[in-house]
Amino acid sequence: METTKGPKFPLPKEYPLFYKGYIDLVAEKDLKTLSLAQEQFVQNLFGNLTTEKALLSYETNKWSFNELLGHIIDTEKIMHFRALSISRGEKSDFPGFDQDNYVKTAAFNAQPIDKLLDTFLLHRKLLWNFIEAIPEDQINNIGSVDAKPMSLSALLYIIFGHMEHHISIIKNYYLSL
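Residues numbered from 1 in each chain as written. Predicted model: local features only at pLDDT ≥ 70, side-chain atom pairs only at ≥ 80, totals over all residues. Heavy atoms only, no water.

### Brief notes about the side chain of Asn141
Topologically, Asn141 is positioned in the loop between α6 (113-133) and β2 (142-145). If near-sequence neighbours (up to four positions away) are discounted, Asn141 is found in contact with Ile86, Ser87, Arg88, Gly89, Met150, Ser151 and Leu152. (Helix = DSSP H or I, 4+ residues; strand = E, 2+ residues; numbered from the N terminus. Contact = heavy atoms within 4.5 Å.)

Here it is in structure tokens:
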């Protein structure tokens, strides 16, 4: 069984409209090259934060740097798990998740920023090991998330598009802190 070199760009029928913005952010981009740039951006930013600065947010009721990175990690892990399950032929519907509740209950501000950064980078390595090993006959698999069709490819594009979305937020709001 051959492994794929990466996911194909998903068709609109392969994911809920909610995710279109994330997918559009990475359309026509090489995901491996983009991933490396994202990892470098995260390393440069979060690797240079002091403990005090990592706890800052740009506005009341907005996430701190720690919480933002924790949210990104949680989202990537969830999407990765869904992608793994769908690649293996899982037919059960995966529930959605409340990102604000996840951040609130995770206590990311109690974690050192360097541990969160290590977790992000380690997860990206695991994610790419998974992507590069997906058998070619599984890349077109479609499952169900929140009672809507979701393809394996869409989930992978969502991961990198979600990160691009947050990089934009970081550049527009967090870098001035």
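After that view of the structure, there is still more to cover.
### A look at the packing of aromatic side chains
Following the criterion strictly, the structure yields 11 aromatic pairs and no others. Ring geometry for Phe18 and Tyr19: centres 5.0 Å apart, planes at 85 degrees, overall edge-to-face. The buried category is assigned to Tyr19, whose relative accessible area is 12%. For the ring pair Phe18 and Tyr22, a centre distance of 6.3 Å and an interplane angle of 85 degrees mean the geometry is edge-to-face. Judged by its relative accessible area of 15%, Tyr22 falls in the buried class. Each residue in the set Phe46, Tyr58, Phe65, Tyr173 and Tyr174 is aromatic and connected to the rest through ring pairs, giving one cluster. (Phe/Tyr/Trp six-rings, centres within 6.5 Å; stacked < 30°, edge-to-face > 60°. Buried < 20%, exposed > 50% of the residue type's maximum accessible area, 1.4 Å probe, protein only.)

### Here's the deal with the pattern of salt bridges
Throughout the structure, instances matching the rule amount to five salt bridges. Residue Glu14 is joined to Lys8 by a salt bridge in which the shortest nitrogen-to-oxygen separation is 2.9 Å. Note on Lys8: relative accessible area 30%, which makes it partly exposed. With a closest N to O distance of 2.9 Å, Glu76 and Arg124 form a salt bridge. Of this pair, Glu76 sits in helix α4 (residues 65-87) while Arg124 sits in helix α6; the two residues are 48 residues apart in sequence, bridging distant segments of the chain. Relative accessible area serves as the criterion here: at 0%, Arg124 is assigned to the buried category. (Salt bridge = Lys/Arg side-chain N within 4 Å of Asp/Glu carboxyl O.)

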